[in-house]
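# Secondary and tertiary structure notes
Below are the chains, spelled out letter by letter.
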Amino acid sequence: TEKHPFLVSMVDGTLDLEKFQYYVVQDALYLTDFADCLNRLGNKMMEGGDEEISKQLHEFAVGAEEYEKDLHRSFFQNFNIDAANVTPMPNTLL
């Protein structure tokens, strides 16, 4: 997958700005759902008595929701991306 044209152009700096903006918004939407899934799974693990795994899953959720999305928010600011009223595409939905 590292030879996929999208990834190659992102790495070498030739990716069209509109495509990058679209990717960043969709990825941010995905991260929100991914963090929610990790939290739900962490809650289920806690209910099942596995506190250590639950704690790890909740920490992963924080990483996705806060730290990963901090990077995305910086892209929104630096590239004037407006994510309001954006519809998640099917490949973004969990």
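Here the structure is shown first, and the text comes after it.
Conventions we followed
- Residues numbered from 1 in each chain as written.
- Predicted model: local features only at pLDDT ≥ 70, side-chain atom pairs only at ≥ 80, totals over all residues.
- Heavy atoms only, no water.
- Axes fitted to C-alpha atoms, helices over the stretch in contact; angles between N-to-C directions.
- Helix = DSSP H or I, 4+ residues; strand = E, 2+ residues; numbered from the N terminus.
- Parallel < 35°, antiparallel > 145°, perpendicular 65-115°, else oblique.
- Left-handed = near helix turned anticlockwise from the far one by under 90°.
- Nonpolar A, V, L, I, M, F, W, Y, C, P; charged D, E, K, R; others polar.
- Salt bridge = Lys/Arg side-chain N within 4 Å of Asp/Glu carboxyl O.
- Buried < 20%, exposed > 50% of the residue type's maximum accessible area, 1.4 Å probe, protein only.
- Expected span 1.5 Å × (residues − 1).
- Polar contact = N/O pair within 3.5 Å; in protein donor to acceptor, adjacent residues only side chain to side chain.
- Phe/Tyr/Trp six-rings, centres within 6.5 Å; stacked < 30°, edge-to-face > 60°.
- Core = buried A, V, L, I, M, F, W, Y, C linked by side-chain atoms within 4.5 Å.
- Contact = heavy atoms within 4.5 Å.

With their axes 8 Å apart at the nearest point, helix H2 (residues 17-47) and helix H3 (residues 51-78) run at an angle of 165° to one another. One way to sum up the angle between H2 and H3 is to call them roughly antiparallel. Judged by the sense of rotation from one axis to the other, the crossing of H2 with H3 is left-handed. Here the contact of H2 with H3 is composed, by residue class, of 18 nonpolar, seven polar and five charged.

This part takes up the pattern of salt bridges. Tallying each qualifying case throughout the model produces three salt bridges. Here Arg40 makes a salt bridge to Asp36, at a shortest N to O gap of 2.8 Å. Of this pair, Arg40 and Asp36 are both found in helix H2, four residues apart, which corresponds to roughly one turn of the helix. We classify Arg40 as exposed; its relative accessible area is 57%. Accessibility expressed as a relative area gives 33% for Asp36, which makes it partly exposed. The residue Glu65 makes a salt bridge to Lys69 at a minimum N-O spacing of 3.5 Å. Separated by four residues within a single helix, Glu65 and Lys69 lie in helix H3, roughly one turn from each other.

Another point: H2. Relative to the 45 Å expected for 31 residues at 1.5 Å per residue, H2 spans 45 Å between its end C-alpha atoms, a close match to the ideal helical length. Looking only at H2, the buried set comprises Phe20, Gln21, Val24, Val25, Gln26, Asp27, Ala28, Leu31, Ala35, Leu38 and Gly42. Sitting at the amino-terminal end of H2 is Asp16, which places a side-chain oxygen 3.2 Å from the backbone nitrogen of Glu18. Where H2 ends, the next residue or the one after it, Gly49, has phi of about 90°, a positive value.

When we look at a pair of aromatic rings, we describe it by the centre distance and by the angle of the planes. Within the structure shown, the criterion is met by five aromatic pairs. On the basis of an interplanar angle of 70° and a centroid distance of 5.3 Å, the ring pair of Phe20 and Phe79 is categorised as edge-to-face. With Phe20 in helix H2 and Phe79 in the segment after H3, the pair connects residues that are 59 residues apart, well separated along the chain. Judged by centre distance (6.3 Å) and plane angle (50°), the rings of Phe75 and Phe79 are tilted. Of the residues examined, Phe75 reaches a relative accessible area of 22% and is grouped as partly exposed. Among the aromatic residues, those joined into a cluster by ring pairs are Phe20, Phe75 and Phe79.

Ranked by size, the top nonpolar core spans seven residues in total: Leu15, Phe20, Val24, Val25, Ala28, Phe76 and Ile81. Among the elements that line this core, the one with the most residues is H2, at four residues. Residue contacts for Leu15: discarding those within four places in its chain leaves Phe6, Ser9, Met10 and Phe20.

Such coordinate-based values are descriptive only and should not be taken to indicate function.
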